[in-house]
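Analysis of the macromolecular model
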Amino acid sequence: MYTSLLHVRQAINFERQLIDHLETYIEQETVRLKDIKRFYAKVSDLHSEVYSGPSASMANPLVAFTLIKRLQSEWLNLVYSDEAQENTQALRSGYKEVEEEGFLPKLEDLQGAAKGLMRLQDVYSLQVGALVRGQFQRISNGNPIDIYSPIVSIPLSGDDCFLVGKVAYEQEDYYHSVQWLEESVRLFRGTGGEWSPENEGTLEDALDHLAFSHFKTGNVSSALSLSQELLNHDPMNRRVLKNIEKYERLLVEYPPLLSANTELKRPNTTYLRTRNTYERLCQTQGIQPRHYENPRLFCDYFTNDSPGLLLQPIRREVLSLQPYVVLYHRFISDSEAESIQDIAQTGLRRSVVASGEKQATAEYRISKSAWLKETAHPVIGRLDQRITMLTGLNVHPPYAEYLQVVNYGIGGHYEPHFDHATSASSPLFRLNTGNRVATFMIYLSSVDAGGSTAFIHANFSVPVVENAALFWWNLLRNGQGDGDTLHAGCPVLVGDKWVANKWIHEYGQEFQRRCSPDPEE
Ligand SMILES: O=C(O)CCC(=O)C(=O)O
Ligand SMILES: [Fe+2]
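Residues numbered from 1 in each chain as written. Chains lettered and ligands numbered in written order. Predicted model: local features only at pLDDT ≥ 70, side-chain atom pairs only at ≥ 80, totals over all residues. Heavy atoms only, no water.

Following both chains from N to C, one finds helix H8 (residues 203-216) and helix H10 (residues 238-253) inclined at 25°, their axes separated by 12 Å at the closest point. Of the possible angle classes, the one that applies to H8 and H10 is roughly parallel. In this structure, the crossing between H8 and H10 has a hand that is left-handed. Taking contact as the criterion, the partners of Asp208, Ala211, Phe212 and Phe215 in H8 are, on H10, Arg239, Lys246, Tyr247 and Leu250. (Axes fitted to C-alpha atoms, helices over the stretch in contact; angles between N-to-C directions. Helix = DSSP H or I, 4+ residues; strand = E, 2+ residues; numbered from the N terminus. Parallel < 35°, antiparallel > 145°, perpendicular 65-115°, else oblique. Left-handed = near helix turned anticlockwise from the far one by under 90°. Contact = heavy atoms within 4.5 Å.)

So, about the coordination of the iron ion (ligand 2). The protein atoms that coordinate the iron ion (ligand 2) are His417 (NE2), Asp419 (OD) and His487 (NE2), at distances spanning 2.1 Å. Read from N- to C-terminus, the donor residues coordinating the iron ion (ligand 2) fall into the pattern H-x1-D-x67-H. With Asp419 in the loop between strand S11 (414-417) and strand S12 (436-443) and His487 in strand S17 (residues 487-489), this residue pair connects regions lying 68 residues apart in the sequence. The residues Asp419 and His487 share a single accessibility class, namely buried. (Donors = N, O, S within 2.8 Å, 3.2 Å for Na, K, Ca; no water. Buried < 20%, exposed > 50% of the residue type's maximum accessible area, 1.4 Å probe, protein only.)

What follows covers the nonpolar core. A general trend in soluble globular proteins is that nonpolar side chains are found buried together. In terms of nonpolar packing, the biggest core is built from 38 residues, with Phe331, Ile340, Val405, Phe440, Ile442, Leu444 and Ile504 touching the most fellow members. Leave out the neighbours within four places in its chain, and Phe331 touches Ile314, Leu383, Arg386, Ile387, Leu390, Phe440, Ile442, Asn467, Ala468 and Ala469. By size, the runner-up hydrophobic cluster in this structure holds 29 residues, among which are Tyr124, Val128, Val164 and Val494. (Core = buried A, V, L, I, M, F, W, Y, C linked by side-chain atoms within 4.5 Å.)

Turning our attention to the pattern of salt bridges. Within the structure shown, the criterion is met by 17 salt bridges. Residues Arg32 and Glu29 are paired through a salt bridge, measuring 2.7 Å at the closest nitrogen-oxygen approach. One end of the pair, Arg32, and the other, Glu29, are both in helix H1 (residues 5-51), three residues apart, so they sit about a helical turn from each other. As far as burial versus exposure is concerned, Arg32 and Glu29 are alike and both buried. Salt-bridge contacts for Lys502 lead to Asp384; the nearest nitrogen and oxygen are separated by 3.5 Å. Of this pair, Lys502 sits in strand S19 (residues 498-505) while Asp384 sits in helix H14 (residues 378-391), and the two are 118 residues apart along the sequence. An identical accessibility class is assigned to Lys502 and Asp384; each is buried. A single salt-bridge network, built from bridges that share partners, covers Lys42, Lys69 and Glu74. (Salt bridge = Lys/Arg side-chain N within 4 Å of Asp/Glu carboxyl O.)

So, on to the environment of Leu210. Within the secondary structure, Leu210 is located in helix H8. Owing to a relative accessible area of 1%, Leu210 belongs among the buried residues under this scheme. For the pair Leu210 and Ser227, spaced 17 residues apart in sequence, the C-alpha separation works out to 9.1 Å. Not counting chain neighbours up to four residues away, the residues in contact with Leu210 comprise Val178, Leu181, Glu182, Val185 and Leu226.

Rendered as structure tokens:
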């Protein structure tokens, strides 16, 4: 579910069903408790008014009878009533019904969503403290600046933060676990450590995980003080006692340096060599030269001398010459973009990447995608025609792949990659029409924040422009891959990002793109 926002949206309906079941449960339990209270009031009134009075009320056989009846039968019926269990049972079977529909998120979804939050924190340098308040802020020159202002901000609870921290902790990523568990402990302390039935963790759990995370990052004194706090809540915990002894010993043996830099270093889990450039481009939209700085870049109305475009030329914006990247504005209409999303819905599956000779899912590409044949809907053929008019390229299979529609999920992204195959054994060669010579990528939606397309070596990024299409050549004229086309889909900070890719292959374009042995061209 976490890999596609469409499926997150659908989950809202399932929670609605659960709310209905809970409402019924609350109504039934309220009736049950009302009955119990009535009985309690009746019996306690009898005790304060009838039995404690001066008159010997037991002499009244009716009073005596009702007392005996209550003690022999009524209390028993009440105490051993199955009603509470029946109500719980009804609630559980309602939950099971929803569960059996198969659309409730799995543990993998929760962990994936937590990782998505941490990815957004990293790539956009977001402050965890602000995220927890429901705000998207980065510190710039010592001041917090809003990257995005949500209309409604959803603050996170101590348990929410505990869960994110625990996901990091389980990956032995103590850089993130410390930050999220700090927030969790702070929030749990704020509620007085009170237990709530929906929670996964407690103040003690958060203290325990945080103390160990601090220990693992070398912050023994924090590990010690948190363990002491934990011991106050759980004095008989032998493991904590032993840890305290260990931390005390360590502090005597290796006193912490006062000047020690306590700033934690972020782990490089992605092994991206271009991480800094990538993140800068995602945050800033790059240092794309302005048209007046590079007069060879321009905007125009473009027809490609195609009769189909004469009456309605397309707005072309040349973004880069090396590699050659152009943005065609208003390439697709709102209703066409909507149709493509609708047609793709049922076919969406977790996106894969080439892995040796096969294809596999990967952390570095978080989205779902569907392949649409021309026969799926007339709109697809119309788009193919329009691509051909603009580029002059043959986009009929097998000279191009089917249209790939992509929907990103929570913090969904596609880290720096090439669209063309970089090894001879790549599954991309299965069409037997050569490598992917060009990419034609259509933005089918807007986003609220994030999600730009970043060209790493070319040092610019393109914000999502709804209904526009981005075109670039992946191969040089000699057929070799153009290293300058290394590009990425930045994590979506806020929004539901949809794109459609048309990958055009080398064969079939021989008369449209001149080849040349020159490795510079
Ligand atoms: O979503 C984006 O901006 C880029 C997507 C991309 O590069 C791809 O799907 O190959
Ligand atoms: Fe790509």
